[in-house]
Amino acid sequence: MSAEPKDGNPTSDAHYDHPHSRRGFFTDTSICIGCKACEVACKEWNRNPADGDYSILGSSYDNTGALGADTWRHVAFIEQDSQRIEQARESGRKLVSLGMPQVGAPASGSSVASGTGSAGGGCGSGGCGSASSSDSGPTPEFRWLMSSDVCKHCTNAGCLDVCPTGALFRTEYGTVVVQDDICNGCGTCVAGCPFGVIERREDGLVDTPASREMPDTVRKPQDGVAQKCTLCYDRLKDDETPACAKTCPTTSIKYGQREDLLATAQQRVAQLHEQGMTEARLYGANPNDGVGGTGSIFLLLDEPEVYGLPPDPRVPTADLAHTFKRAGVAMAGMALATAAAFVAGGRR
Amino acid sequence: MVPDAQVEPYTSYYGRPVVKAPPWKKEIATYLFLGGVAGGSALLALGAQLTDRPILRRNARLAAMLGSAVGSTALIADLGRPERFLHMLRTIKPTSPMSLGSWVLVTFSTCAGVAAVSEVDRWTGSRLPLGPLRCVLRAVEPWSGVGAGLFGAPLAGYTAVLLSDTAMPTWNAAREDLPFVFVSSASLASGGLAMITTPVDEALPARLLALAGVAGDVVAQKVMESRMDPVAAEPLHQGTPGVLLKWTERLLLVGGLGTLVGGGNRAVAAVSGVALLGASACTRFGVFYAGLNSARDPRYTIEPQRRRLEARRAAGQTGDSITTVG
Ligand code: SF4
Ligand code: SF4
Ligand code: SF4
């Protein structure tokens, strides 16, 4: 029942006897430029159907909306004025003063597939970081926050725990994948995910508006089954970088072994704080959080809910044993009440 | 009680949901209701079997069989791939209430089905074309009755665990007490049905069970709400779920009083039974849609989470936040 894996690698929980390192993402939103190449690369590689009706959503440059069955990468856009930026910095400073776990910047030299991001102040969504080491840099008048969201590949994954068919499974890379020939579309995983990632696909055929020629193998219906990011399981098998990370032009999406990514992330957040960007914080790096840490770590520049992420997610199965106990008492009560009714009603 | 914490005005991403509601439709709510009626009826049938009440036994067994059969059909119809419903039985998975529940439902339906077929055969004067199977059927009949009875309460109550074990704010926040609401609702619904189908002189235990269910339901719903995060409880009072749960209260009052005062009169008992069935349906549909609605507005996800996070921080517990610096 979602016990904390001892070594932080969920594959040992899944009883793999051939240890692979846990893979994941570090998405550094401070250098994301919002090009959506990841969204496109993911759609292309996985042949995912179009989502929505191409309408303008009125949410800055985000016309995708949200993650879903057909959208496994989603770039969020948030526009902020200097007041909001100052609030974000303040909330970041508060995190530091609260004594949030701080591991400090480890020595560099970790190997990460897409490199370790831009050294020095990134000129991405955080604005151009000034190199000053003062406590707070000058507050820009305006900024865009851009963040490429994806399945978190949780250590304790709600979707996987509640799946009744075993369609969702833990791969040897520590990721969470749906087997679409097993899933019967019951939809339980959709409710079980604390991040609103996985969804049941209703329209299963790849069909582009231009009706491009597709090989028959591509036109396989996958409607009615749950779908989400596979962390490019097929590419990992061939020792390839996932399509979204491979295509990311700024290295905002970094793919690699999770421990290396964690080190890179910690280094980067320390660097940004040094530059006065106290709004920088990590999301998913803590193995003691409600989902046991995530395989996809994010560096955010404001509170999680600003990006549409839950501020305190908790895998529902963490409370399951207790809920079952309560239900056991309730069921026993019902049986006893019936017995009492017949005793009181007497024999005929 | 957690200490009151300062929660900053809530922000969200363009008001879009944080969690996704499952693609469940009215079929699932119907199943919640029918599963409860079936489970309670099997318990009544077992009691009737042991205390020699043949009419109550027959009617309750038929109700258990029909309830579970129609309920299962509704469940299958709601799947994205109905033809793969047997995949539910690929594995037994303790972390998945849906998996355990499927096994409970299959076992229950099998037992209830066997008992009900035997009843029908006896009712029609042994006219079913059963041949030599008839003696086998008669021999296993009492045991199927016992089996269905044993799985009756689990069938009526597991759906509460199924709903609570999700990230849907209202269902999840109700996890302490939802099982008590659901088994009470099942008790009063199955009692109510027996009051409609069965003459009063055999139906006294059904009336008593219904009354116990009414008392349990009223108390459990109050306790449940008092223990929920106030924001996560809001969807129970808004829109359609709010109307439905108001009707639950009214119908419980009518059905409960009717049973208590006039349960010895066949007509009054039947009318009260209808009211009780209605109350149970309103509870199940109300709770079901409140949970779906709670997923659609990010406020129900974000505010309670913020509150508990700030409360932990205020209490000096900072090691378990998903947001860290470094
Ligand atoms: S983010 Fe949701 S879909 Fe992804 S692994 Fe975690 S629970 Fe499953
Ligand atoms: S929809 Fe598919 S993957 Fe999701 S819980 Fe049901 S069977 Fe498992
Ligand atoms: S890892 Fe693969 S499946 Fe997942 S978002 Fe990236 S491209 Fe899509």
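Predicted, not measured: the structure shown is a model, and the values here were computed from it. Numbering of residues begins from 1 in every chain and follows the order in which that chain's sequence is written. Labels follow written order: the first chain is A, the first ligand is 1, and so on. Per-residue local features of the predicted model are confined to residues with pLDDT of at least 70, and side-chain atom pairs are confined, for both listing and counting, to 80 or more; whole-chain, interface and lining totals are unaffected and use all residues. Water and hydrogen atoms were dropped before computing side-chain values, which therefore reflect all heavy atoms in the structure.

Attention now moves to the overall build of chain B. Counting its regular elements, chain B contains 11 helices and 1 strand. Put simply, DSSP H or I for four residues or longer makes a helix, DSSP E for two residues or longer makes a strand, and each gets a number counted from the N terminus. Reading chain B from its N end, one meets helices and strands in the order α-α-α-α-α-α-α-α-α-α-α-β. In this setup the radius of gyration rests on C-alpha atoms only. A globule is expected at 2.2 Å times the number of residues raised to 0.38. On C-alpha atoms alone, chain B measures out to a radius of gyration of 22 Å, which is about the 20 Å that the 2.2 N^0.38 rule sets for 326 residues. Along the longest, intermediate and shortest principal axes, the C-alpha atoms of chain B span 75 × 50 × 30 Å. For chain B, with 326 residues in total, the buried portion stands at 59%. Each residue is placed in one exposure class: buried if its accessible area under a 1.4 Å probe, protein chains only, is under 20% of its type's maximum, exposed if it is over 50%, and partly exposed if it falls in between.

Note on definitions. A residue lies near a molecule or strand when any single heavy atom of the residue is within 4 Å of it. Around ligand 2, the surrounding shell holds 13 residues, and the nearest of these are Cys163(A), Thr165(A), Cys183(A), Cys186(A) and Cys189(A). Tallied by class, residues from the shell around ligand 2 come to 8 nonpolar, 5 polar and no charged. When residues are sorted by character, Ala, Val, Leu, Ile, Met, Phe, Trp, Tyr, Cys and Pro go into the nonpolar class, Asp, Glu, Lys and Arg into the charged class, and all the rest, Gly among them, into the polar class.

For the rest of this paragraph, the subject is the side chain of Arg306(B). Mapped onto the elements of the fold, Arg306(B) is located in helix H11 (residues 298–314). According to the relative accessible area criterion, Arg306(B) is buried, its value standing at 6%. Engagement of the side chain of Arg306(B) in a polar contact is seen with the side chain of Glu305(A), the distance being 2.6 Å. Polar contact is defined as a pair of N or O atoms within 3.5 Å, subject to the rule that within protein one atom must be able to donate a hydrogen and the other to accept it, and that residues adjacent in sequence are counted only when both atoms are side-chain atoms.

We now examine the sheet that holds strand S9 (residues 281–283) of chain A. Overall, mixed pairing links the 5 strands, which are arranged S8(A)-S1(A)-S10(A)-S9(A)-S1(B) in an open sheet. If you trace the sheet from one side to the other, it starts and ends with strand S8 (253–257) of chain A together with strand S1 (323–324) of chain B, each paired once. Looking at chain direction, strand S1 (residues 23–28) of chain A and strand S10 (residues 296–300) of chain A are connected through 4 bridges and run parallel. In the strand pairing of S10(A), Phe25(A) is matched with Ser296(A). Contact between two residues is taken to exist if any of their heavy atoms lie within 4.5 Å; hydrogens are not considered. Axes here refer to lines fitted to C-alpha atoms; in helices the fit is confined to the stretch in contact. Angles between the N-to-C directions go from 0 to 180 degrees. Contacting S1, S8, S9 and S10 of chain A, helix H8 (residues 258–274) of chain A crosses the sheet at an angle of about 135° to S8(A). By the convention used here, strands pair only if DSSP detects at least 2 bridges between them.

With that out of the way, let us pick up the environment of Ala63(B). Residues and elements named next belong to chain B. Secondary-structure assignment places Ala 63 in helix H2 (residues 54–77). Residues Ala 63 and Ala 194, spaced 131 residues apart in sequence, show a C-alpha to C-alpha distance of 8.6 Å. When residues no more than four places from it in sequence are discounted, the contact partners of Ala 63 are Ala 38, Ser 41 and Leu 193.

Taking 1.5 Å of rise per residue, the 16 residues of helix H3 (residues 82–97) of chain A would be expected to cover 22 Å, and the 22 Å separating its terminal C-alpha atoms lies within 8% of that figure. Turning to H3(A), the residues buried within the fold contact strand S2 (73–81), strand S3 (142–150), H8 and S9 of chain A together with H11 and S1 of chain B. Any helix carries an expected span of 1.5 Å times its number of residues minus one.

Once that is clear, we can look at the nonpolar core. Throughout this description, the term nonpolar core refers to a set of buried Ala, Val, Leu, Ile, Met, Phe, Trp, Tyr and Cys residues connected via side-chain atoms within 4.5 Å. If you look at the biggest cluster of nonpolar residues, it comprises 67 residues, and the most contacted ones within it are Phe25(A), Cys159(A), Leu168(A), Phe195(A), Ile198(A), Leu299(A) and Tyr307(A). Not counting residues within four places of it along the chain, the set of residues in contact with Ile198(A) comprises Cys159(A), Leu168(A), Val178(A), Cys189(A), Val190(A), Cys193(A), Ala226(A), Gln227(A), Lys228(A) and Lys20(B). Core analysis: the second largest hydrophobic core is formed by 57 residues, Tyr31(B), Ala153(B), Val183(B) and Leu236(B) among them.

Residues shown with low pLDDT carry predicted positions that ought not to be read at fine detail. Known as pLDDT, the predictor's per-residue confidence is scaled from 0 to 100. Of all residues in chain B, 97% have pLDDT values of 70 or greater, and the mean over the chain is 95. Confidence estimates for the predicted assembly give a pTM of 0.91 and an ipTM of 0.95.

All right, on to the domain arrangement of chain A then. Residue and element names in this part refer to chain A. Residue ranges assigned to each domain were obtained from an automatic or database domain assignment. Taken domain by domain, chain A consists of domain 1 (10–314) and domain 2 (316–348). Contact residues are listed per partner, giving 6 residues for domain 1 and 4 residues for domain 2. What counts as buried area is the accessible surface, traced by a 1.4 Å probe, that two parts surrender upon association, with contributions from both included. Taking both partners together, domain 1 and domain 2 bury about 410 Å²; carbon and sulfur atoms supply 52% of that area. The salt bridge definition used is simple: a Lys or Arg side-chain nitrogen within 4 Å of an Asp or Glu carboxyl oxygen. Linking domain 1 to domain 2 there are 1 salt bridge. Note that Asp 319 is salt-bridged to Arg 314, the shortest N-O span being 2.7 Å. At the junction of domain 1 with domain 2, the criterion picks out 2 residue pairs in polar contact (both at pLDDT 80 or more). Here the side of domain 1 that touches domain 2 gets 3 residues from one element, more than from any other, and that element is helix H4 (residues 158–162). Its residues assigned to classes, the side of domain 1 that touches domain 2 comprises 2 nonpolar, 2 polar and 2 charged.

Summed over the entire model, instances satisfying the criterion amount to 38 salt bridges over all chains. Taking the shortest distance from any N to any O, the salt bridge between Arg201(A) and Asp70(A) comes out at 2.7 Å. Here the residue Arg201(A) occupies a position in the loop between strand S6 (199–200) and strand S7 (226–227), and Asp70(A) occupies one in the loop between helix H2 (37–46) and S2, the gap between them amounting to 131 residues. Residues participating in the shared-partner salt-bridge network are Arg281(A), Glu303(A), Glu305(A), Arg306(B) and Glu310(B).

Bringing the packing of aromatic side chains into the picture now. Residues and elements named next belong to chain B. Geometry of aromatic contacts follows a simple scheme: Phe, Tyr and Trp rings, the Trp one being its six-membered ring, pair when their centres are within 6.5 Å, and the pair is stacked under 30 degrees between planes, edge-to-face over 60, tilted otherwise. Under the defined criterion, the tally for this structure stands at 12 aromatic pairs over all chains. Each ring, one from Trp 24 and one from Trp 171, has its centre 6.1 Å from the other, and the planes form 20°; the classification is stacked. Highlighted residues: Trp 24 in the segment before helix H1 (26–50) and Trp 171 in helix H5 (residues 169–173), separated in sequence by 147 residues. Considered together, Trp 24 and Trp 171 belong to a single accessibility category, that of buried residues. Between Phe 285 and Tyr 289, the aromatic rings sit 6.3 Å apart at their centres with planes inclined by 35°, giving tilted as the arrangement. On the criterion of helical spacing, the pair formed by Phe 285 and Tyr 289 is a turn pair, its members being 4 residues apart in helix H10 (residues 266–296). The class of Tyr 289 is partly exposed, set by a relative accessible area of 24%.

A few words now on the interface of chain A and chain B. Size of an interface: often given as the accessible area lost when the parts come together. Listed per partner, the contact involves 107 residues of chain A and 87 residues of chain B. Between chain A and chain B the total buried area reaches about 7,700 Å² when both faces are included, carbon and sulfur atoms providing 59% of it. For the pair chain A and chain B, the interface holds 9 salt bridges. A salt bridge links Asp312(A) to Arg308(B); its shortest N-O distance comes to 2.8 Å. Put simply, chain A and chain B have 41 residue pairs in polar contact (both at pLDDT 80 or more) between them. Where the side of chain A that touches chain B is concerned, the elements lending two or more residues are S2, H3, H4, helix H5 (188–192), S6, H8, S9 and helix H9 (320–345) of chain A. Per element, the largest residue contribution to the side of chain A that touches chain B is 17 residues, and it comes from H9(A). Its residues assigned to classes, the side of chain A that touches chain B comprises 56 nonpolar, 30 polar and 21 charged. Pairing of S9(A) with S1(B), which is carried by 2 bridges, proceeds in the antiparallel orientation.

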